[in-house]
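# Working through the structure, step by step
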Amino acid sequence: MPRAAVSVPASRPSTAQELIYPTHGCRDVLRRHGIKPHDHARDNRRHIKELQQQVSERKAAAEAEAAKAASKAARPRAE
């Protein structure tokens, strides 16, 4: 029984190409197919920056509240 002809896409590398230029993980396969892999490190850096900004805003708000409370306590009362 003869085998059916299977069409191989032109972008599929030959065995010789696979031996000479092996792929190094799934991200390399994506790059070779023209797809830009997602940069998770960039997302992590952005998230850390946002968290640092939130912490600095909270710290500034706490310092302003402490300064306000200290100025109220230092004010002499008129009796």
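For every chain, the first residue of its written sequence is number 1, and the numbers climb from 1 along that sequence. pLDDT decides what is reported in this predicted model: residues at 70 or higher carry local features, side-chain atom pairs at 80 or more are listed and counted, and totals for whole chains, interfaces and linings draw on all residues regardless. Excluded from the side-chain calculations are hydrogens and water; all other atoms, namely the structure's heavy atoms, are used.

A word on the pattern of salt bridges. Think of a salt bridge as a Lys or Arg side-chain nitrogen and an Asp or Glu carboxyl oxygen that are within 4 Å of each other. Enumeration over the complete set of coordinates arrives at two salt bridges. The shortest N-O distance in the salt bridge between Asp28 and Arg32 comes to 3.2 Å. Placement of the pair is Asp28 and Arg32 together in helix α2 (residues 26-32), with a separation of four residues, close to one helical turn. The partly exposed category is assigned to Arg32, whose relative accessible area is 45%. A salt bridge links Arg46 to Asp43; its shortest N-O distance comes to 3.6 Å. Remark: Asp43 and Arg46 occur in helix α3 (residues 40-74); sequence separation between them is three residues, near one turn of the helix. Runs of E in the DSSP output that reach at least two residues are strands. Runs of H or I that reach at least four are helices, and both are numbered from the N terminus. Exposure classes here rest on a 1.4 Å probe applied to the protein chains alone. A residue is buried below 20% of its type maximum, exposed above 50%, and partly exposed in between.

Another aspect to go through is a nonpolar patch on the surface. The patches reported here contain residues having more than 30% relative accessible area and no salt bridge. Joining distances are 9 Å for like charges and 5 Å for nonpolar side chains (Val, Leu, Ile, Met, Phe, Trp, Tyr). Residue exposure ignores everything except the shown protein chains as possible cover, and the areas themselves are Shrake-Rupley values with a 1.4 Å probe. Together, Leu19, Ile20 and Tyr21 make up a nonpolar patch on the protein surface, roughly 400 Å² of accessible area in all. With respect to the helices, strands and loops of the structure, Leu19 is situated in helix α1 (residues 15-20).

Take α3 next. Under the convention used throughout, the expected extent of a helix is 1.5 Å for every residue step, that is, one less than its residue count. The terminal C-alpha atoms of α3 lie 51 Å apart, and with 35 residues this matches the ideal 51 Å at 1.5 Å per residue to within 8%. Two to three positions downstream of the cap, the backbone nitrogen of Ala41 sits 3.3 Å from a side-chain oxygen, assigning the N-cap of α3 to Asp39. Under the rule applied, a polar contact is a pair of N or O atoms within 3.5 Å (in protein, one hydrogen donor and one hydrogen acceptor; residues adjacent in sequence only if both atoms are side-chain atoms).

As a per-residue quantity, pLDDT reports the predictor's confidence and falls between 0 and 100. With 78% of its residues at a pLDDT of at least 70, the chain reaches an overall mean of 84. Here α1 stands out as the least confident element of the chain, with mean pLDDT 86; α3 is the most confident, with 94.

A separate point is the side chain of Asp28. The exposure class of Asp28 is buried, given its relative accessible area of 14%. Contacts: residue pairs with any heavy atoms within 4.5 Å of one another. Among all residues touching Asp28, those that are not within four sequence positions of it are Pro22 and Thr23.

Following the sequence through the fold, Leu30 ends up in helix α2. Leu30 sits in the partly exposed class, given a relative accessible area of 32%. Once residues within four sequence positions are removed from consideration, Leu30 is found in contact with Ile35 and Pro37.

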